[in-house]
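# Residue-level structural notes
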Amino acid sequence: MLIKTPPKSALKTSDITDESVYIQRRQLIKSMGFLGAGALLGSVISKTANAGFFDNKDADASSFKTTPLKFTADKDNVSLIKTPEQKVISHNNFYEFGAQKNQPAELSQNFKVNPWQLSISGECDNPITLDYDDLTTMFALEERIYRLRCVEAWSMVVPWIGFSLADLLKKVAPNSSAKYVLFETLHDPEQMPGQSDRRLGGGIAYPYIEGLRIDEAMNPLTLMSVGLYGKTLPPQNGAPIRLVVPWKYGFKSIKSIVSIKLVREKPQTTWNKLAANEYGFYANVNPAHDHPRWSQASERRITSGGLFARNRIETLPFNGYGEQVAHMYKDMDLTKYY
Ligand code: MTE
């Protein structure tokens with residue numbers, strides 16, 4: 001698909017950048033005639049469509065029934081100011097339910113998450129398939145308060161509930177040929193209207209696929225999340241189970257996963273296949289490597305203010321998790337392997 005790349009904005013790290021990115025994306029979408037790949041992760045932020053997002057109502061956007069979870073609280077990251085729950089569950093990227101930020105919450109409330117099957121297979125000795133109940137009972141659940149940095153230059157702080165992907169992978173005993181891990185979202189166009197409607201779903205190929213190198217997958221920070229704010233996930237955030245990789249751009253954190261496969265070769269992933277110059281396989285948060293259409297040096301932290309609230313902060317290498325992850329990339333040129 002043709003990706004049209006307008007010249008990079010002269011604006012860099014200022015509050016104005018949001019608006020300039022927003023306008024660039026609007027022009028791009030208009031020029032493409034529909035919401036196509038180039039607009040991707042640059043979905044239209046419609047002020048009217050997102051009206052409910054800015055009035056700081058209670059967490060009532062979701063009519064889907066979530067259930068309280070038992071978990072160990074995160075005592076290490078309590079100083080991070082959490083994004084209000086209402087915003088976490090109403091400002092989403094989940095193109096299977098629409099490419100505008102408000103659409104996933106609006107169009108996913110009847111999504112069926114039980115029964116659910118998640119298979120873990122491929123290069124391993126003990127492949128397994130988990131059922132819905134296994135997802136919340138197989139491992140002791142823990143809270144992890146993580147920063148989430150979207151490639152679009154907004155960010156949140158989310159109290160996820162889940163377990164380490166490493167613990168799950170150890171159960172299936174990966175063999176020595178397991179070099180990468182491939183993740184796949186449910187493919188069900190009847191339930192996920194964006195998978196059959198190109199306008200709604202941004203024209204990307206489904207099912208959504210993501211991948212990690214095996215050492216990234218085994219890193220203790222890499223989380224399989226089954227909940228947020230103390231309860232099971234609502235559909236718009238990736239129920240019943242999703243990945244959270246906090247040092248990478250948000251598009252790596254694939255939602256509503258049905259398959260995890262240990263593989264020999266680096267997998268072809270959704271956004272990388274669509275626009276490799278914009279979305280790298282590694283996608284490590286890197287303020288020194290700009291997106292071709294906007295700066296990655298800073299981000300708009302979504303807190304309790306409005307869309308253009310003055311809450312722009314500097315983006316940190318590896319999203320601030322360098323101490324735990326930088327060693328995995330020490331011999332790599334991060335501008336080549338972005
Ligand atoms: N997973 C699937 N299956 N489909 C998607 O469109 N969007 C990604 C990621 N996972 C996406 C996905 C992007 S771009 C981001 S920023 C995060 O989900 C957003 O997660 P959130 O909506 O819970 O904040």
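Residues numbered from 1 in each chain as written. Predicted model: local features only at pLDDT ≥ 70, side-chain atom pairs only at ≥ 80, totals over all residues. Heavy atoms only, no water.

- The name given to the chain in an unreviewed UniProt entry is Protein-methionine-sulfoxide reductase catalytic subunit MsrP, with the source organism recorded as Colwellia psychrerythraea.
- On record in UniProt, under Sequence similarities (unreviewed entry), the comment for the chain is "Belongs to the MsrP family."
- Annotation of the chain in UniProt includes, under Subunit (unreviewed entry), the sentence "Heterodimer of a catalytic subunit (MsrP) and a heme-binding subunit (MsrQ)." (UniProt positions renumbered as here; feature names shortened; annotations may be inferred.)

### Details of the side chain of Ser 256
- Positionally, Ser 256 belongs in the loop between β9 (242-244) and β10 (257-263).
- Setting aside residues no more than four positions away along its own chain, Ser 256 makes contact with Phe 94, Phe 111, Trp 116, Glu 184, Thr 185, Leu 186, Met 192, Gly 238, Ala 239, Ile 241 and Arg 242. (Helix = DSSP H or I, 4+ residues; strand = E, 2+ residues; numbered from the N terminus. Contact = heavy atoms within 4.5 Å.)

### Description of the environment of Val 172
- One can find Val 172 in helix α5 (residues 165-172).
- Given the relative accessible area of 0%, Val 172 is considered buried. (Buried < 20%, exposed > 50% of the residue type's maximum accessible area, 1.4 Å probe, protein only.)

### Thoughts on empty space enclosed by the protein
- This model, assessed by the stated rule, comprises 4 cavities of 30 Å³ or more.
- Counted as a void, the largest cavity has a volume near 330 Å³.
- In terms of residues, the lining of the largest cavity owes the most to one element, strand β4 (residues 154-164), which gives 4 residues.
- By residue class, the composition of the lining of the largest cavity is 14 nonpolar, 7 polar and 3 charged. (1 Å grid on protein atoms, 1.4 Å probe; cavity = no way out; pocket = protein on both sides within 12 Å on 5 of 7 lines; lining within 4 Å. Points joined across faces, edges and corners; volume = space filled by probe spheres on them. Nonpolar A, V, L, I, M, F, W, Y, C, P; charged D, E, K, R; others polar.)

### Some details on the pattern of salt bridges
- Summed over all chains, the structure comprises 12 salt bridges.
- A salt bridge links Glu 85 to Lys 231; the shortest N-O distance between them is 2.6 Å. Pair noted here: Glu 85 is in helix α2 (residues 85-88) and Lys 231 is in strand β8 (residues 231-232), with a separation of 146 residues, a long-range link.
- Notably, a salt bridge pairs Glu 299 with Arg 301, separated by 3.2 Å at the nearest N-O pair.
- Residue Arg 301 is classed as buried on the basis of its relative accessible area, which comes to 13%.
- Through salt bridges with shared partners, a single ionic network connects Arg 149, Glu 299 and Arg 301. (Salt bridge = Lys/Arg side-chain N within 4 Å of Asp/Glu carboxyl O.)

### Concerning the site of the ligand
- Near the ligand, the surroundings consist of 17 residues, among which Tyr 95, Glu 96, Arg 242, Ser 253 and Lys 255 are the closest.
- Within the contact set of the ligand, an oxygen atom lies 3.0 Å away from a side-chain nitrogen or oxygen of Asn 237.
- A distance of 2.7 Å separates an oxygen atom of the ligand from a polar atom in the side chain of Arg 242.
- Protein chains shield 100% of the accessible area of the ligand, which is 540 Å² for the free molecule. (Near = heavy atom within 4 Å. Polar contact = N/O pair within 3.5 Å; in protein donor to acceptor, adjacent residues only side chain to side chain. Areas by Shrake-Rupley, 256 points an atom, 1.4 Å probe, with all protein chains shown as cover.)

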